[in-house]
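Observations on the model geometry
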Amino acid sequence: MAPDSTFETVSTSKAHGGTLGVYRHQSTATGTGMTFSVFLPPQAESGAKLPVLFYLSGLTCTHANVTDKGEYRRLCAELGLIFVAPDTSPRGDGVADDPEGAYDFGLGAGFYVNATEEPFAAHYRMWDYIAHELPALIEDHFPIDPARMGITGHSMGGHGALTIGLTYPEKFKSLSAFAPIVAPGQVPWGHKALGGYLGQDRATWRAHDATALVEDGKRPAGDILVDQGAADGFLAEQLRPELFEAACKAAGVNLTLRLQDGYDHSYNFISTFMDDHIRWHATRL
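Residues numbered from 1 in each chain as written. Predicted model: local features only at pLDDT ≥ 70, side-chain atom pairs only at ≥ 80, totals over all residues. Heavy atoms only, no water.

Let us look at the overall build of the protein chain. In terms of regular secondary structure, the protein chain is built from nine helices and nine strands. Taken over the C-alpha trace, the protein chain has a radius of gyration of 18 Å; the compact-globule value for 285 residues is 19 Å, and the two agree within 12%. By principal-axis analysis of the C-alpha atoms, the protein chain measures approximately 50 × 40 × 35 Å. When each of the 285 residues of the protein chain is scored for burial, the buried share is 59%. Taking as baseline every contact in the protein chain between residues at least 6 positions apart, the subset at least 24 positions apart corresponds to 72%. Carbon and sulfur atoms form 49% of the exposed surface of the protein chain, whose accessible area is close to 10800 Å². Separation between the mean location of the 21 positive side-chain charges and that of the 34 negative ones in the protein chain comes to 6 Å. (Helix = DSSP H or I, 4+ residues; strand = E, 2+ residues; numbered from the N terminus. Rg over C-alpha atoms; globule rule 2.2 N^0.38 Å. Buried < 20%, exposed > 50% of the residue type's maximum accessible area, 1.4 Å probe, protein only. Contact = heavy atoms within 4.5 Å. Areas by Shrake-Rupley, 256 points an atom, 1.4 Å probe, with all protein chains shown as cover. Lys, Arg positive; Asp, Glu negative; His and termini not counted. Charge placed at Lys NZ, Arg CZ, Asp CG, Glu CD.)

Before going further, it helps to examine the sheet that holds strand 2 (residues 18–26). Read across the open sheet, the nine strands follow the order 1-2-3-5-4-6-7-8-9; overall the sheet is mixed. The sheet terminates laterally at strand 1 (8–15) and strand 9 (255–260), the two strands that pair on one side only. Direction aside, the axes of adjacent strands within the sheet are offset by 20° on average. Note that strand 4 (residues 50–56) and strand 6 (residues 144–153) share six bridges and pair parallel. Paired with Leu-50 across the bridge in strand 6 is Ile-144. The strands touched by helix 3 (residues 126–141) within the sheet are strand 2, strand 3 (33–40), strand 4, strand 5 (82–86), strand 6 and strand 7 (172–178), with strand 3 carrying the most contacts at an inclination of about 50°. Along the sheet, helix 8 (residues 241–251) makes contact with strand 8 (224–229) and strand 9, crossing strand 9 at roughly 155°. (Pairing = 2+ DSSP bridges. Axes fitted to C-alpha atoms, helices over the stretch in contact; angles between N-to-C directions.)

Here we take up the pattern of salt bridges. Enumeration according to the criterion identifies 13 salt bridges in this entry. In this structure, Arg-91 engages Asp-87 in a salt bridge whose closest nitrogen and oxygen atoms are separated by 2.7 Å. Notably, a salt bridge pairs Asp-216 with Arg-206, separated by 2.9 Å at the nearest N-O pair. In this pair, Asp-216 sits in the loop between helix 6 (210–215) and strand 8 while Arg-206 sits in the loop between helix 5 (188–198) and helix 6, placing the two residues ten residues apart along the sequence. (Salt bridge = Lys/Arg side-chain N within 4 Å of Asp/Glu carboxyl O.)

Remember that the coordinates give geometry; whether it matters functionally is a separate question.
This is the structure:
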């Protein structure tokens, strides 16, 4: 793949001996400009090809939420892991939004699918963007080893990480999630998003439902780590980790599900357990 000629550097700054950069390019998948951040650890200066972890964010987020609050740079610098944080949806003039401006659909809520319903089909192609276009772009511009890619994410991004990781285990060799939406076909967030983007034929939803994917025979490259706050206000209605746990147990998928007492859905929870996830991926990559 030829390097993207629209690729531009928005900003760079030094952190923990490495470089945190924000970049922008014109996406062929979404037909819009897309912004993402990349942390390059100091080992990148050696010219070596390094492992990379993609982090998918949740509802209402951009690349900036985990970039500013995720507390991942110190350990990524220590372990020599590149960290990539993309946006959660297409944005810009002509990009459709939820007609009522709700937070859980439209801008900031792409749900990591390729929409087939109008008016979203033109730009909401986050599945192709995350699974294909962005990894190729990162390989063109940064010293990653494409044989050592991992994926993680939070909430809606945990849903994206699990579904993409289960679908492309040959590409994403390590997999984890923070408070993921594990069964969108069975919860209100998923009913709205998958119905709005993919239509009302629920059979088509299964390709974007981690629990259904495991039930239908998809398997990760290795084991899976999921952390979930026990005090998360979305736990009972929207997240339902017990559904994914049951599917993994029935299928023989090695899942480590940790219910963290007292923790909520916020970046206070994510940043607390970020080191564990970075070590998890670094060990497997």
